[in-house]
Amino acid sequence: MRKIAVIYSGNSSHYRTFNEPKYKQYIDHLIYFPDFMTASLEGVEVLLVPSQLHGNLLLEAKEKISEFASAGGIVVAFGPQPWEWLPHQKWEERETNFWWWREKDAKSGLVLADPSYDLFNYITLADATWHQHGVFWPVEGAQKLITTEDGGAVLYVDKVSTNGTWIITTLDPDYHFGSYFMPATERFLDGFMPWLANGKI
């Protein structure tokens, strides 16, 4: 099982999500974000960067996170990321429709770009479907896993920008599960966390 560290903001949604026993069993270290710059990442294989983090602290941590990836680590970024800290970041903000499923002939607009990828042995597209905040336009050579119908990436894997792996998504399951709403986010985490620990990346 891979050793996973999670950056921890201390907010209520993070507290609930990352202390939930069925997810905490996969987490070796919770690193309080104000202490991140002095924290050791020795032995850590995966660094999970959740949504809803303090923007200034995230920008301060950019170089350390990039160094971790450059040394071969796996970085996971949840949630919309309007701050410029991801490699070759090209983020497009889009209007969020929180109630799309209540519309006539409701359609999420999401598609599986690579159904054979191992993650989809753990989750389905429905498990990754609640609402969208925007899309990424990844660097050439990155692998899109879930996209919008026009090809914008909602979840992708970048193994070309550094010596490591970046798993980047616009989805924010940590926030919604931790805030006690959006059932799909629990299903997403039920599959994503064991995949992150044991699956093929």
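Placed above this text is the structure.
Residues numbered from 1 in each chain as written. Predicted model: local features only at pLDDT ≥ 70, side-chain atom pairs only at ≥ 80, totals over all residues. Heavy atoms only, no water.

A. Summary view of the environment of Phe 68. For Phe 68, the location among the structural elements is in helix H3 (residues 55-70). In contact with Phe 68, other than residues within four places in its own chain, are Leu 41, Val 44, Glu 45, Val 46, Leu 47, Gly 73, Ile 74 and Val 75. (Helix = DSSP H or I, 4+ residues; strand = E, 2+ residues; numbered from the N terminus. Contact = heavy atoms within 4.5 Å.)

B. Molecular detail of the environment of Ser 70. Position of Ser 70 among the secondary structure elements: in helix H3. Classification of Ser 70 by relative accessible area gives partly exposed; the value is 38%. Each C-alpha atom, one on Ser 70 and one on Thr 165, is 8.6 Å from the other, the two residues being 95 residues apart in sequence. The residues touching Ser 70, leaving out its near neighbours within four places in the chain, are Thr 162 and Asn 163. (Buried < 20%, exposed > 50% of the residue type's maximum accessible area, 1.4 Å probe, protein only.)

C. A look at the pairing of strand E1 (residues 4-8). Among the five residues in E1, five count as buried, and that is most of the element. By the alternation rule, side chains of E1 split into Ile 4, Val 6 and Tyr 8 and Ala 5 and Ile 7, which are all buried. Examined bridge by bridge, E1 and strand E3 (residues 46-49) share three bridges and lie parallel to one another. Along E3, the bridge assignment pairs Val 6 with Leu 48. As judged from the four bridges shared by E1 and strand E2 (residues 29-32), these two strands associate in the parallel manner. (Pairing = 2+ DSSP bridges.)

D. Examining the packing of aromatic side chains more closely. Per the counting criterion, the structure on display carries twelve aromatic pairs. With 5.5 Å between their ring centres and 55° between their planes, Phe 78 and Phe 192 make a pair best called tilted. A residue pair is termed long-range when its members are at least 10 positions apart, and Phe 78 in the loop between strand E4 (74-77) and strand E5 (91-93) and Phe 192 in helix H5 (residues 183-198) qualify at 114 residues. Residue class for Phe 78 comes out buried when judged on its relative accessible area of 0%. Taken together through their ring pairs, the aromatic side chains of Phe 78, Tyr 117, Trp 130, Phe 188, Phe 192 and Trp 195 make up a single cluster. Positioned above the aromatic ring of Phe 177, the side-chain terminus of Arg 16 is 3.9 Å from the ring centre. Cation over ring: Lys 64 sits above Phe 36, and NZ or CZ is 4.8 Å from the ring centre. (Phe/Tyr/Trp six-rings, centres within 6.5 Å; stacked < 30°, edge-to-face > 60°. Lys NZ or Arg CZ within 6 Å of the ring centre and 35° of its normal.)

E. View of the pairing of E4. Covered by surrounding structure in E4 are Ile 74 and Val 76 together with Val 75 and Ala 77, the residues of both alternating faces. Bridging between E3 and E4 involves four bridges; their strand directions are parallel. When the sheet's bridge partners are listed, Leu 48 is paired in E4 with Val 76. Since E3 and E4 lie parallel, the crossover through H3 that links them has a hand, and here it is right-handed. As paired elements, E4 and strand E10 (residues 165-169) share four bridges and run parallel to each other. Within the sheet, the bridge partner assigned to Ala 77 lies in E10 and is Ile 168. (Right-handed = clockwise from strand over helix to strand, strands pointing away.)

F. Structural detail: the side chain of Thr 185. Note on placement: Thr 185 falls in helix H5. Only 2.6 Å separates the side chain of Thr 185 from the backbone oxygen of Met 182, close enough to count as a polar contact. When near neighbours in sequence (up to four residues on either side) are disregarded, Thr 185 contacts Trp 130, Pro 173, His 176 and Phe 177. (Polar contact = N/O pair within 3.5 Å; in protein donor to acceptor, adjacent residues only side chain to side chain.)

G. Structural view of the side chain of Arg 2. As for its placement among the helices and strands, Arg 2 is situated in the segment before E1. No salt bridge is formed by the buried Arg 2; its nearest oppositely charged neighbour, Glu 45, is found at 5.5 Å. Within polar-contact distance, the side chain of Arg 2 engages the backbone oxygen of Leu 196 at 2.9 Å. (Lys, Arg positive; Asp, Glu negative; His and termini not counted. Salt bridge = Lys/Arg side-chain N within 4 Å of Asp/Glu carboxyl O.)

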